[in-house]
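Structural features, examined
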Amino acid sequence: MVVVKSEDADLLLAKAAPEIAVVLLFGVDDGLIAERARLALKGMGADVNDPFQLARLEGADIASDPGRLLDETNTVSLFGASRIIWIDAGSADISSGLEMAFDQPRRDVKIVIEAGALKKDAPLRRYCERQKFALSIECNQDSEGDLVRLLDAALKSAGIGIDADARDAVLQNIGADRLSTRGEIGKLVTFAHGMKKLTLEDVESILSDSSSVALERTVCCAFSGDLAGVEESWKRVLAAGHDGSAALMGSIREASALHQYFS
């Protein structure tokens, strides 16, 4: 059984150990699953544009006809390269198809499976985690450490620095899933092309949910007694299209005044 920790997953997928024939990617982060599937295929030497080497199958088709996967594993690549099968399993149970395909001497075939959130007792997960030739990798939402690593690596590669408060704002505004995180970081890098350092104002102006970043800053300024900061960040909230109100602004002003009184 080879169950891979998230922090080790990318390295193992990129190296593509020859004894690994099946990679199961499952979890709640669809963007991360898709990213790691591409990484696994690349590590296996797959050409995603070569239909003679790479076959794409749907989980529902294999579930209804388990022999379909066996047929594909027995197909020889036209030019002699390893046969690679890319399966979008979704919520379908394809464990019977896998058992049928590997219940015999294995040909030179590799399989990458994208699945949804699988419980520990899910047949597909249990099957893969029992096999020495399979990797089972759970893909959940990135931790704060993962987000820091992704952001820092992208900025370092582009030769761009970032102020501490701007960095915190970015981290608060990414992490929904790997795909959207890559997109937001990519927008920052593109925006900052030719710049030496990103400021908080830069971050607020480019991130898709900049109004929420500015709103959080408004509240923080209020409770720290920074009335000027409240005014400035509130203007950014309104400029970003947030549905603000005078009542909320009054409450923030009162909080700021109380903080100053008791400080």
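Everything below is about the structure shown above.
Source: prediction; values computed, not measured.

Before going further, it helps to examine the overall build of the protein chain. Each helix and strand counted, the protein chain has 13 helices and 8 strands in total. By residue count, 42% of the 263 residues in the protein chain fall in the buried class. Here the protein chain has roughly 13800 Å² of accessible surface; of this, 53% comes from carbon and sulfur atoms.

Another point: a negative patch on the surface. Taken together, the side chains of Glu58, Asp61, Asp65, Asp71 and Asp88 make up a negatively charged region of the molecular surface. Looking at the element boundaries, Asp88 is found in strand β4 (residues 83–90). For Asp88, a relative accessible area of 40% translates into the label partly exposed.

Note that Asp29 resides in the loop between β2 (22–26) and α2 (30–43). Those residues in contact with Asp29 that sit more than four places away from it in its chain are Cys139, Asn140, Gln141, Asp142, Asp177 and Arg178.

Grouped together as the largest cluster of nonpolar side chains are 25 residues, with contacts concentrated most on Ile87, Ile113 and Leu124. Elements represented by at least two residues in this core include exactly β2, β4, α5 (95–102), β5 (109–115) and α6 (123–130). Look past the residues within four positions of Ile87 in its chain and what remains in contact with it is Leu57, Gly59, Ile62, Leu69, Ile94, Ile111, Val112, Ile113 and Glu114.

Take the pairing of β5 next. In terms of burial, β5 is a largely internal element, 7 of the 7 residues being buried. Residues Val109, Ile111, Ile113 and Ala115 point to one face of β5 and Lys110, Val112 and Glu114 to the other, with burial holding for every one of them. As judged from the 4 bridges shared by β2 and β5, these two strands associate in the parallel manner. From the neighbouring strand, Leu24 faces β5, where its bridge partner is Ile113. In terms of strand pairing, β4 meets β5 through 7 bridges, oriented parallel. The residue bridging Ile87 from the neighbouring strand is Ile113, located in β5.

The next point concerns the packing of aromatic side chains. For the coordinates displayed, the defined rule picks out 1 aromatic pair. Between Phe102 and Phe133, the ring centres sit 4.9 Å apart and the planes meet at 25 degrees, which makes this aromatic pair stacked. Linking Phe102 in helix α5 with Phe133 in the loop between α6 and β6 (134–138), this pair joins segments that are 31 residues apart in sequence. For the pair shown, Phe102 and Phe133 are each scored as buried.

Relative to the helices and strands, Lys110 is located in strand β5. Look at Lys110 and you get buried, because its relative accessible area is 12%. If we ignore the near neighbours within four places in the chain, the residues touching Lys110 are Ala17, Pro18, Ile20, Ala21, Met44, Arg83, Ile84 and Ile85. Reaching out from Lys110, the side chain makes a polar contact with the backbone oxygen of Ile20 at a distance of 2.8 Å.

Mapped onto the elements, Ser180 comes out in helix α9 (residues 178–191). For Ser180 and Leu32, which are 148 residues apart along the polypeptide, the C-alpha to C-alpha distance reads 9.7 Å.

This next bit is on the side chain of Ser95. Turning to its location among the elements, Ser95 is positioned in helix α5. According to the relative accessible area criterion, Ser95 is buried, its value standing at 5%. Those residues within four positions of Ser95 in sequence are excluded, and the remaining contacts are Pro123, Leu124 and Tyr127.

About the criteria used
Residues numbered from 1 in each chain as written. Predicted model: local features only at pLDDT ≥ 70, side-chain atom pairs only at ≥ 80, totals over all residues. Heavy atoms only, no water. Helix = DSSP H or I, 4+ residues; strand = E, 2+ residues; numbered from the N terminus. Buried < 20%, exposed > 50% of the residue type's maximum accessible area, 1.4 Å probe, protein only. Areas by Shrake-Rupley, 256 points an atom, 1.4 Å probe, with all protein chains shown as cover. Patch = residues over 30% accessible without salt bridge, like charges linked within 9 Å, V, L, I, M, F, W, Y side chains within 5 Å. Salt bridge = Lys/Arg side-chain N within 4 Å of Asp/Glu carboxyl O. Lys, Arg positive; Asp, Glu negative; His and termini not counted. Charge placed at Lys NZ, Arg CZ, Asp CG, Glu CD. Contact = heavy atoms within 4.5 Å. Core = buried A, V, L, I, M, F, W, Y, C linked by side-chain atoms within 4.5 Å. Pairing = 2+ DSSP bridges. Phe/Tyr/Trp six-rings, centres within 6.5 Å; stacked < 30°, edge-to-face > 60°. Polar contact = N/O pair within 3.5 Å; in protein donor to acceptor, adjacent residues only side chain to side chain.

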